[in-house]
Amino acid sequence: MTVAGAMVDVLVIGGGNAALCAALTAREAGASVLLLEASPREWRGGNTQHTRNLRCMHDAPQDVLVDAYPEEEFWQDLLGVTGGRTDEALARLVIRASATCRPWMRRHGVHFQPSLSGALHTARTNAFFMGGGKALVNAYYRSAGNLGVGIRYEAPVDRIDLDGTRFVAARVGGERIAARACVLAAGGFESNREWLRQAWGTNARGEHPADNFLIRGTRFNTGVLLRHMLDSGADAVGDPTQAHMVAIDARAPLYDGGICTRIDCVSLGVVVNRDGRRFYDEGEDFWPKRYAIWGRLVAQQPGQTAYSIIDAKAVGRFMPPVFPGVRADSLPALARALGLPETDFMATMDAYNAACRPGTFDHTRLDDCRTDALAPAKTHWARPIDTPPFFGYALRPGVTFTYLGLRTDETAAVRFGGAPSPNLFVAGEMMAGNVLGQGYTAGVGMSIGTAFGRIAGASAAAAAGKERADALA
Ligand SMILES: Cc1cc2nc3c(=O)[nH]c(=O)nc-3n(C[C@H](O)[C@H](O)[C@H](O)COP(=O)(O)OP(=O)(O)OC[C@H]3O[C@@H](n4cnc5c(N)ncnc54)[C@H](O)[C@@H]3O)c2cc1C
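Residues numbered from 1 in each chain as written. Predicted model: local features only at pLDDT ≥ 70, side-chain atom pairs only at ≥ 80, totals over all residues.

Here we look at the overall build of the chain
Here's step 1: Within the chain, the secondary structure is distributed over eleven helices and 19 strands.
Here's step 2: Relative to the compact-globule value of 23 Å for 473 residues, the chain shows a C-alpha radius of gyration of 23 Å, a close match.
Here's step 3: If you line up the chain on its principal axes, its C-alpha atoms span 80 × 50 × 40 Å.
Here's step 4: Among the 473 residues that make up the chain, the fraction classed as buried is 52%. (Helix = DSSP H or I, 4+ residues; strand = E, 2+ residues; numbered from the N terminus. Rg over C-alpha atoms; globule rule 2.2 N^0.38 Å. Buried ≥ 20, exposed ≤ 12 C-beta atoms within 10 Å, placed from the backbone.)

In structure tokens form, the structure reads like this:
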């Protein structure tokens, strides 16, 4: 076993947005900081490297954001998508912090740009990172390096030593790294396929649904530390089957497919399962408010697969995915090309087309194009699928991040039996479940990680200062 030399003030475990925000803030507060990232340098940045934007409250137009997005509207959006499974005090803290974080982000080299067309109608609510999450990650690492934050790659922490509720040291294999305070920001457990399998269990068809999930982001978020903390008595929040899950192209790679494998044409067409049947209202609400429920919906279908079907009218109205769709000049030919049962598929399509009421199609508002006497209904943007060529995309559930995490408070402290640890803090996906009990609204993951990363960094620096003072006393 090796023992580290001079004790660092703040140890940050993880290498994505939450960890970097914590490390930068702790360093700015005067603490010495060491960051441990599990991945090699070229894969640094966890899921954050795949992000594009963060959701920001604002009362008036602000640089890249148009109009206003007041606190109450943000809160109501969050309340809606979580169905009330959120901690209001912590959620409001995140919302308010989102109004003021961008000047700080800019100081550390993050640049913003207006939303791109086709980017989920987000010009008012979401500030986009110039160069995406990869540029943000690079900027933060550069700034951290310039400020003297120590950074170690290929340093996966497998457990930590506690003295009661107090953090003492982290273990990386045989190495013990002591510090005065610690921030846990090591992501969820979405890349741990065995844990996902356990959490989702077996369904009524005898399938293990999780075996067919794809992981949209990093392979390094294995939840080893989360499991260790829960086993060590840290208070949990959230349900292990709740996650941000998107319907993605079934041809996506197992890990790190990122944003370009998302299929964004659901609300412009219909979705059928492998039996050729529709199973949910594709036009329930705007896509930014609904895209994150479709992974779960697909997970409940036989074989955890489904097919998004559109016609020529939809082309050019959504962000094109990286793989072209399967194309055919008739719907029966499309069914054959996708391997769907032709008769059942055509019965579904004929019933849908006949049920579409005339209306004025407008994808930018909840329009009056809907179906009549059809179950399930399509309540907006319902137009007959009748104009060749037709396209179909096979879908699979794509897990973005899991919500089971560590319960925390406004200081970001890890809690044990309701009592806050004096020097152990948590940020990002590892605690996002405090705010997101279920559901999602685009960009809030980065809002949570940025707010709590900075709080955790400040709290850890203060705790380290106190530990130092206590040691001298
Ligand atoms: C494809 C995709 C697109 C997304 N787009 C957006 C978006 O536009 N806006 C948005 O708000 N959110 C988005 N998200 C969600 C967003 O990525 C997360 O909410 C956010 O990045 C979480 O930050 P984090 O620091 O908690 O986790 P991560 O960025 O995942 O970082 C976790 C880090 O911990 C490291 N780690 C894991 N285990 C250990 C260990 N034992 N020891 C040491 N290090 C460890 C990992 O290597 C990684 O660096 C997206 C996610 C994906 C996958």
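Brief notes about the domain arrangement of the chain
Here's step 1: One can read the domain layout of the chain as domain 1 (8-188 + 223-240 + 403-472) and domain 2 (244-398).
Here's step 2: Each of domain 1 and domain 2 was reduced to a C-alpha centroid, and the two centroids are 35 Å apart.
Here's step 3: Of the residues belonging to the side of domain 1 that touches domain 2, the class tally is five nonpolar, six polar and one charged. (Domains from an automatic or database assignment. Nonpolar A, V, L, I, M, F, W, Y, C, P; charged D, E, K, R; others polar.)

Description of the site of the ligand
Here's step 1: In the region of the ligand, 43 residues are neighbours, and Gly 16, Gly 46, Gly 217, Gly 428 and Gly 445 sit closest.
Here's step 2: Looking at the shell around the ligand, the elements with two or more residues in it are helix H1 (17-28), strand E3 (53-55), helix H6 (224-231), strand E16 (390-402) and helix H11 (444-472).
Here's step 3: Looking at side-chain class alone, the shell around the ligand contains 17 nonpolar, 22 polar and four charged residues. (Near = placed C-beta within 6 Å.)

Topic: unusual backbone geometry
Here's step 1: Omega for the bond connecting Ala 375 with Pro 376 falls within 30 degrees of zero, at -5°, which places this linkage in the cis form.
Here's step 2: Its place among the elements puts Pro 376 in the loop between helix H10 (342-355) and E16.
Here's step 3: Between Pro 388 and Pro 389 the backbone carries a cis peptide bond, its omega angle lying at 0°.
Here's step 4: Along the chain, the position of Pro 389 falls in the loop between H10 and E16.
Here's step 5: Here the phi dihedral of Gln 304 falls at roughly 50°; this positive angle occurs in a residue that is not glycine.
Here's step 6: For Ala 412, which is not a glycine, the phi torsion comes out positive at approximately 70°.
Here's step 7: Mapped onto the elements, Ala 412 comes out in the loop between strand E17 (405-406) and strand E18 (413-416).

Here we look at the pairing of strand E2 (residues 33-36)
Here's step 1: Taking every second residue as pointing to the same face, both faces of E2 are buried, with Val 33 and Leu 35 on one and Leu 34 and Leu 36 on the other.
Here's step 2: Bridging between strand E1 (residues 8-13) and E2 involves four bridges; their strand directions are parallel. Pairing of Ile 13 across the sheet is with Leu 36, part of E2.
Here's step 3: After leaving E1, the chain enters H1 and then returns to the sheet as E2, a path that is right-handed.
Here's step 4: With three bridges connecting them, E2 and strand E6 (residues 150-152) associate as parallel partners. Each residue of the ladder has a partner; that of Leu 36, found in E6, is Arg 152. (Pairing = 2+ DSSP bridges. Right-handed = clockwise from strand over helix to strand, strands pointing away.)

With respect to the packing of H1 against H11
Here's step 1: Running from amino to carboxyl end, H1 crosses H11 at an angle of 35°, the nearest separation of the two axes being 7 Å. Relative to H11, H1 is oriented so that their crossing is right-handed. Counting all contacts with H1, which are made through Asn 17, Ala 18, Ala 19, Cys 21, Ala 22, Ala 23, Leu 24, Thr 25 and Ala 26, the residues of H11 involved are Met 446, Gly 449, Thr 450, Phe 452, Gly 453, Arg 454, Ala 456, Gly 457, Ala 458, Ala 460 and Ala 461.
Here's step 2: The residue makeup of the contact of H1 with H11, split by class, is 13 nonpolar, six polar and one charged. (Axes fitted to C-alpha atoms, helices over the stretch in contact; angles between N-to-C directions. Left-handed = near helix turned anticlockwise from the far one by under 90°. Contact = placed C-beta atoms within 7 Å.)

Overview of the nonpolar core
Here's step 1: Among the nonpolar cores identified, the biggest contains 141 residues, and Val 10, Ile 13, Ala 22, Val 183, Ala 427 and Ala 460 are the most heavily contacted of them.
Here's step 2: If you tally residues by element for this core, the top one is H11, at eleven residues.
Here's step 3: Ignoring any residue separated from it by four or fewer positions in sequence, one finds Ala 427 in contact with Ala 18, Ala 22, Val 183, Ala 185, Ala 412, Gly 449, Phe 452, Gly 453 and Ala 456. (Core = buried A, V, L, I, M, F, W, Y, C linked by C-beta atoms within 7 Å.)

Observations regarding helix H4 (residues 132-147)
Here's step 1: Helix length check: H4, at 16 residues, gives a terminal C-alpha distance of 23 Å against a target of 22 Å (1.5 Å per residue), a fit within 8%.
Here's step 2: Those residues of H4 lying buried are Gly 133, Leu 136, Val 137, Ala 139, Tyr 140, Tyr 141 and Ala 144.
Here's step 3: Just beyond H4, the residue with positive phi is Gly 148, at close to 90°. (Expected span 1.5 Å × (residues − 1).)

Details of the sheet that holds strand E5 (residues 126-129)
Here's step 1: Within the open sheet, the three strands sit side by side as E3-E5-E4. Their pairing is antiparallel. The two strands at the open ends of the sheet, each matched to only one other strand, are E3 and strand E4 (112-113).
Here's step 2: Two elements, E4 and E5, share two bridges in a ladder whose sense is antiparallel. Residue pairing in the sheet places Gln 113 in a bridge with Phe 128 of E5.

A closer look at the environment of Asp 87
Here's step 1: With respect to the element layout, Asp 87 can be found in the loop between helix H2 (71-82) and helix H3 (88-107).
Here's step 2: Note on Asp 87: 20 C-beta atoms within 10 Å, which makes it buried.
Here's step 3: Residues Asp 87 and Leu 436 lie 349 residues apart in sequence; the distance between their C-alpha atoms is 8.3 Å.

What about the packing of H3 against H11?
Here's step 1: Contact pair H3 / H11: the axes reach a minimum separation of 9 Å and the direction vectors enclose 85°. Viewed along their axes, H3 and H11 adopt a mutual orientation that is roughly perpendicular. Contacts between H3 and H11 involve Leu 93, Val 94, Ala 97, Ser 98 and Cys 101 from the first element and Ser 447, Ile 448, Thr 450 and Ala 451 from the second.
Here's step 2: When grouped by side-chain class, the residues that make up the contact of H3 with H11 number six nonpolar, three polar and no charged. (Parallel < 35°, antiparallel > 145°, perpendicular 65-115°, else oblique.)

Re the pairing of strand E7 (residues 159-163)
Here's step 1: Note that E7 and strand E8 (residues 166-172) share five bridges and pair antiparallel. Paired with Leu 162 across the strands is Phe 167, a residue of E8.
Here's step 2: The antiparallel pairing of E7 with E8 creates a hairpin that spans two residues between the two strands, and Gly 164 there sits at a positive phi of about 65°.

Notes on helix H9 (residues 331-338)
One full turn of an α-helix is made of 3.6 residues, so residues set three or four places apart face in the same direction.
Here's step 1: Inspection of H9 places Leu 331, Leu 334, Ala 335 and Leu 338 among the buried residues, and these make up the whole buried set. Around the axis of H9, the buried residues are gathered within 100° of arc, so they sit on the same side.
Here's step 2: Those residues of H9 that are buried lie in contact with strand E14 (306-310), strand E15 (326-328), H10 and E16.
Here's step 3: Looking one or two residues past H9, Gly 339 carries a phi angle of roughly 75°, positive in sign. (Arc of directions from axis to C-beta.)

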